Amino acid sequence: MPKSIVVLISGSGSNLQAIMDSIDSGRINGRISAVISNKDGVFGLERARNAGIATEVLDHKQFDSRKQFDAAMAELIDSYAADLVVLAGFMRILTPEFVRHFQGRMLNIHPSLLPKYKGLHTHQRALEAGDSQHGCTVHFVTEELDGGPLLVQGAVSIDPDDTEESLQQKVHKVEHQIYPLAVEWLCADRAKWTSEGVILDDSNLGERGFQYQQN
Ligand code: GAR
């Protein structure tokens, strides 16, 4: 039976689009039951509506506390019987209660080669550090911000003439490859997070996760 996926966004939703495209092509055995945004008017909501996917806006500013907002969001996600929760540019810090509720079935994508550059401004930080490589990571979400076990990583090279913008574009391109792949694995029950670590098929992926090579 196709898995029920709920995608959380705060912005343009290009990763959401990549996952929608991968479902359409038959690669992912799942369906997006809902797209939830904490901001109204963002382009990701339009992408979902255009594809006939249910959308919800839950504005964090309407809640007195983070805890109350997260509790309402968990209830909303549960109403779609989510097997998998996909954070795709969802720019909110989550409460421990929320994270625990979805632990093992919630993924995030982060624009760096974790554990490097948790938090914001990752492209700028990689450039300033003079790194020769940068990239993106899909990981299981834990209570530690950008700190959960790694599932898949894709690297890009940093060229001397790269700017923050050109680097962001390069990384985005890889994000759109590795996020659908990670969702495909979870929907096919090929990948899971166990007490031994992250397993893909019968292999333990180790601390860095699967190292994706761009084709
Ligand atoms: C992506 O680059 C994603 O890695 C980043 O937000 C962007 C969303 O783009 N996420 C984070 O920084 C989370 N810490 P999108 O809305 O076009 O998918």
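Preceding block: the structure.
All values derive from a computational prediction rather than experimental measurement.

A. Highlighting the environment of D162. Tracing the backbone shows D162 in the loop between β7 (150-157) and α6 (164-187). You can call D162 buried: its relative accessible area is 13%. Sequence separation between D162 and E175 is 13 residues, and the spatial gap between their C-alpha atoms is 18 Å. Once residues lying within four places of it in the same chain are set aside, the contact partners of D162 are L127, S157, L167 and K170. Only 2.6 Å separates the side chain of D162 from the side chain of K170, close enough to count as a polar contact.

B. Focus on the sheet that holds strand β9 (residues 197-200). The strand order across the open sheet formed by three strands is β8-β9-β10, and the pairing between neighbours is antiparallel. Looking at which strands have only one partner, the edges of the open sheet turn out to be β8 (191-194) and β10 (203-204).

C. Structural view of the packing of helix α1 (residues 14-24) against α6. Running from amino to carboxyl end, α1 crosses α6 at an angle of 50°, the nearest separation of the two axes being 9 Å. Our classification of the angle between α1 and α6 gives oblique. Judged by the twist between their axes, the crossing of α1 over α6 is right-handed. Along the contact surface, α1 presents S14, N15, A18, I19 and S22, while α6 presents H172, E175, H176, Y179, P180 and V183. Within the contact of α1 with α6, the residues separate by chemical class into five nonpolar, five polar and one charged.

D. Spotlight on α1. Burial analysis of α1 places eight of its eleven residues in the buried class, the great majority of the element. Looking at the buried side of α1, the elements it contacts are β1 (3-9), β2 (30-37), α2 (43-50), β4 (84-87), β5 (106-110) and α6. Looking at the residues trailing α1, positive phi occurs at G26, about 90°.

E. Region of interest: the nonpolar core. Core analysis: the largest hydrophobic core is formed by 44 residues, its most contacted members being I5, I32, L151 and Y179. The greatest single-element share of this core, amounting to eleven residues, is contributed by α6. A74, A82, F98 and V141 belong to the second largest nonpolar core, which has 19 residues in total.

Cut-offs applied
Residues numbered from 1 in each chain as written. Predicted model: local features only at pLDDT ≥ 70, side-chain atom pairs only at ≥ 80, totals over all residues. Heavy atoms only, no water. Helix = DSSP H or I, 4+ residues; strand = E, 2+ residues; numbered from the N terminus. Buried < 20%, exposed > 50% of the residue type's maximum accessible area, 1.4 Å probe, protein only. Contact = heavy atoms within 4.5 Å. Polar contact = N/O pair within 3.5 Å; in protein donor to acceptor, adjacent residues only side chain to side chain. Pairing = 2+ DSSP bridges. Axes fitted to C-alpha atoms, helices over the stretch in contact; angles between N-to-C directions. Parallel < 35°, antiparallel > 145°, perpendicular 65-115°, else oblique. Left-handed = near helix turned anticlockwise from the far one by under 90°. Nonpolar A, V, L, I, M, F, W, Y, C, P; charged D, E, K, R; others polar. Core = buried A, V, L, I, M, F, W, Y, C linked by side-chain atoms within 4.5 Å.

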